[in-house]
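Here is how the chains run, residue by residue.
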Amino acid sequence: MPESFHDGWVMALHIRDFRQSDAAGLSRLSEAGHLLGALPARDAGVHILAGLRDGQLAGAIWLSLDGETGMIPAILVVHTSGWQSDVRELIAEASLWLVSRGAARIELPIIPQDKNLLSGLLDLQFKADERAGIMKRTMQVRSVA
């Protein structure tokens, strides 16, 4: 039974760094999955986190860090009835990865049309920037003093 969070969504993915052995699953996923954003070029120097369910690749998220700005150019998930939860989980984990490496802001270059996903991103404290067509999140900075 998956671990539940207090706000009602269920953590169903095991998220880890992408491995070369995930490449075949990623190829299959890119043919039939739900893509948000645009896949970066293979040589773009981005980091990929893989989301697995029952040992199978169920999602992937691409991320990079430019100074204090974390970027999430693409998210790819299996197209199921709960795909929005998988996207939320991947974004939450990517946010932790980026913040641990110095990100003060995170940008997601999409504004989802799906109301459930948009609501989930708002719950994660992302805000829509309609002019730029992106979702942004400013991270809380904690003082050491």
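How each quantity is defined
Residues numbered from 1 in each chain as written. Predicted model: local features only at pLDDT ≥ 70, side-chain atom pairs only at ≥ 80, totals over all residues. Heavy atoms only, no water. Buried < 20%, exposed > 50% of the residue type's maximum accessible area, 1.4 Å probe, protein only. Helix = DSSP H or I, 4+ residues; strand = E, 2+ residues; numbered from the N terminus. Arc of directions from axis to C-beta. Contact = heavy atoms within 4.5 Å. Expected span 1.5 Å × (residues − 1). Pairing = 2+ DSSP bridges.

J.: Residues and numbers for helix 1 (residues 23-32), please.
T.: Looking only at helix 1, the buried set comprises Gly25, Leu26 and Leu29. On an axial view of helix 1, the arc spanned by its buried residues comes to 100°, and they lie on one face. In helix 1, the exposed positions that point more than 90 degrees away from the buried face belong to Arg28 and Glu31. Buried residues along helix 1 sit against strand 4 (56-66) and strand 5 (69-77).

J.: Would you mind going over helix 2 (residues 83-99) in detail, with residue names and values included?
T.: The end-to-end C-alpha distance of helix 2, which contains 17 residues, comes to 24 Å, matching closely the 24 Å that a straight helix rising 1.5 Å per residue would cover. Counted residue by residue, helix 2 has twelve buried out of 17 residues, so it is predominantly covered.

J.: Tell me about the pairing of strand 3 (residues 47-53), and please be specific about residues and values.
T.: In terms of residue burial, strand 3 counts as a mostly covered element, since five of its seven residues are buried. Of the strand pairs in this sheet, strand 1 (residues 14-17) and strand 3 are connected by four bridges, and their pairing is antiparallel. Counterpart to His14 in the pairing with strand 3 is Leu52. Linking two consecutive strands that pair antiparallel, namely strand 3 and strand 4, is a turn of two residues; a positive phi of about 55° is found at Asp54 within it.

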